[in-house]
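What follows is each chain in one-letter form.
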Amino acid sequence: MNLAVKAIEASHMLGSTKIQITYKDTQTTQAMAVSEASAAADSNTDAIFGPVLSTEAVAVAPIVESAKIPTIFTQAGGPGVVTPGGYVFRVTAPQSEYQPKMVAYLKSKGVKTVTMLFDATVPTTAGIAQTTLPPLFKTAGITIKGSYGWSEGTSDFSSYATKVAAENPDAVGVEGITTEPSPVIIALRNAGYKGIIFGGTSFQAFTLKAAGQQAKGVVWATDFDQNSTFPQTAAFVKAYEAAYGGAPLDYAAEGYDAVYLLAYGLKDVTGTFSRTALQAGLAEAAKTGFSGALGMDVFVNQDLTETGYLQTYTGSAVETVPSS
Amino acid sequence: MIQVIADSLSLGSVYVLFSLGLSLSWSVLGLLNLAYGAQFMLGAYFAYLFGEHVHASLLVVLPVAVVAVAATSVIADYFVFRWLRIRAGTPVESELAMLVASIGLAAVAETIVQNATDGNSEFIPSSTYKVRTLGFGGSTLHITNIQLLMTVVAIVLTIAFAAFVKWTRFGRAMRAAAVDPATCELLGVNANRLFSVTMAISGGMAGLAGVLLGIDLTNVQFQMGDPLVTKAFAVIIIGGVGSIAGAAVGGYLLAFAETLVVVYGPSTYQDAISFALIIIVLLVRPTGLFAQRRWQRS
């Protein structure tokens, strides 16, 4: 986000107007997120970048909507975040939008049966495993052999892997938070499972590194392709690497585009500045869309929409799966 | 079924390794140490630091982490818990004060590691310990070398620890201090030294568990110990506070129940099993399965 602020200032996109961001720690608790959002709404803050967890975002959304303070969420991909009042925006396409690409890939690989493993305590992961994917599998003629959830904090996945190995489906879906992909993949491979393993946005180079070669060939759908040749994406990746010395993740790209949405919204403000005027400006910017780090950002009902990309892990790096 | 038993033994060893040190500080010091999960995390974090940056093997990493965490434990006792014990008017006040202080110590340790890692997960490199899958009976049984090592260490430590507490002079002093520290002092036992050594052993065991589980779980993360603290309470309550054998039986019993739920039942109820077992044990045998009998003169 700081990178976006600097880029906006350097380009004089907003003239003399500057964006100042104050960071508040929600401590991954809903109560703290609500408290900080309420405090921001009661202050002279013009807009909020909302908390990234869906559990926090769904609690914050009605508060900011009722306080009429424009709020831009990233990451929080669960349902109920983008409320209908008009003050809430989201610069992360819900994972449900790019799961069809994942299912099409599985079908193209001849997958007939799948088993789903998921973190049952996270609405987004549970929703993908239990609500989003089943109808897509059904349409693709793929049978679900089993669907098993675990609680956040589960440390040993051996028994889940044993169960999956016994079922031996053609593919296993792993929907969890960032600490979970490697232990689950390792447990599956150690249990002798040799089929396809696919996942969601928790699959990243850094979350798969611990699994190393055991994660080779896993595939996942995401809204950000760091290998893209799209000009704004390539420029963002280059700037990010120069600033921070490493490749950006989807979180960074989404945060970058969230700041740009705010900047475009500010540009579109007409008349005297107010939160209401900013909301109108943001709505106009979302309606128009813009080129950002994620690619061409197109919004439907103030929610980013995206068909996504498929990526795979080589055992040490992330590669983009060519579109068929 | 053989694989289910192996999975249960592996998970049970995780619980036993984690619970032994916590059980010790609880029974001897009356310290319900909520910083134990953070101490465990520190063990794993030290192992990560030495493995990643010094490229040290497990034979080096393990003693370094054990000593380092034991040292932090003794320091915590010297600067925090000892003063709370001295200043408290009653044992209940002392236990409550130490409980609250342990929450603070956990927050400090976790925040330090959170900032050092930017909240990211790290992992102990394979150069420290290469995890391999061992297959037995064709493909009927799979277990990794680290799971096997943990199971052996958990069983050996349980036996050694039980023997230490039961048959050594220091062990007898620990048991006596757990019942009546004031009388122990009158009989010449240096209570402060005893408590420091107890904290060192407890911390060392947290460090050892952190290293082995850090390798097994493949994630070293600042909050990695928190979920296990809850499980350890279940293990200790099921087994009986102060009982080494109880902690072992409680750990394997809980693991077996959880594994059965995952393999044959609704997996999302895995955690509920811990608390259901606690409630059942508290209702049927409030002092736990292996409760120690205590005599007190009126």
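Attention in this report is confined to the structure presented alongside it.

What counts, and where the lines are drawn
- Residues numbered from 1 in each chain as written.
- Chains lettered and ligands numbered in written order.
- Predicted model: local features only at pLDDT ≥ 70, side-chain atom pairs only at ≥ 80, totals over all residues.
- Heavy atoms only, no water.
- Helix = DSSP H or I, 4+ residues; strand = E, 2+ residues; numbered from the N terminus.
- Buried < 20%, exposed > 50% of the residue type's maximum accessible area, 1.4 Å probe, protein only.
- Contact = heavy atoms within 4.5 Å.
- Areas by Shrake-Rupley, 256 points an atom, 1.4 Å probe, with all protein chains shown as cover.
- Axes fitted to C-alpha atoms, helices over the stretch in contact; angles between N-to-C directions.
- Parallel < 35°, antiparallel > 145°, perpendicular 65-115°, else oblique.
- Left-handed = near helix turned anticlockwise from the far one by under 90°.
- Nonpolar A, V, L, I, M, F, W, Y, C, P; charged D, E, K, R; others polar.
- Polar contact = N/O pair within 3.5 Å; in protein donor to acceptor, adjacent residues only side chain to side chain.
- Patch = residues over 30% accessible without salt bridge, like charges linked within 9 Å, V, L, I, M, F, W, Y side chains within 5 Å.
- Salt bridge = Lys/Arg side-chain N within 4 Å of Asp/Glu carboxyl O.
- Lys, Arg positive; Asp, Glu negative; His and termini not counted.
- Charge placed at Lys NZ, Arg CZ, Asp CG, Glu CD.

Okay, the overall build of chain B next. Helix and strand counts for chain B come out as 11 helices and 2 strands. In chain B, the succession of α and β elements from N to C terminus is α-α-α-α-β-β-α-α-α-α-α-α-α. When burial is assessed residue by residue, chain B has 51% of its 298 residues classed as buried. In chain B, the share of contacts with a sequence separation of at least 24, taken over all contacts with a separation of at least 6, comes to 75%. Taken as a whole, chain B presents about 13600 Å² of accessible surface, with 67% of it coming from carbon and sulfur.

Residue and element names in this part refer to chain B. Helix H8 (residues 191-217) packs onto helix H3 (residues 58-87) with a crossing angle of 140 degrees between their chain directions and a minimal axis gap of 7 Å. Classified by the angle their axes make, H3 and H8 are oblique. Crossing angle aside, the handedness with which H3 passes H8 is right-handed. Residue composition of the contact of H3 with H8, by class: 16 nonpolar, 6 polar and 3 charged.

All names here are of chain B. Relative to the helices and strands, Lys231 resides in helix H9 (residues 226-239). Taking relative accessible area as the criterion, Lys231 reaches 11% and is therefore assigned buried. Only 3.1 Å separates the side chain of Lys231 from the side chain of Glu258, close enough to count as a polar contact. Beyond its immediate sequence surroundings of up to four residues, Lys231 is in contact with Tyr15, Leu254, Glu258, Asp271 and Ser274.

On to a positive patch on the surface. Residues and elements named next belong to chain B. On the surface, Lys166, Arg169, Arg172 and Arg175 cluster together to form a positively charged patch. The element best represented in the positive patch is helix H6 (residues 169-179), accounting for 3 residues. Examined against the element boundaries, Arg172 turns out to sit in helix H6.

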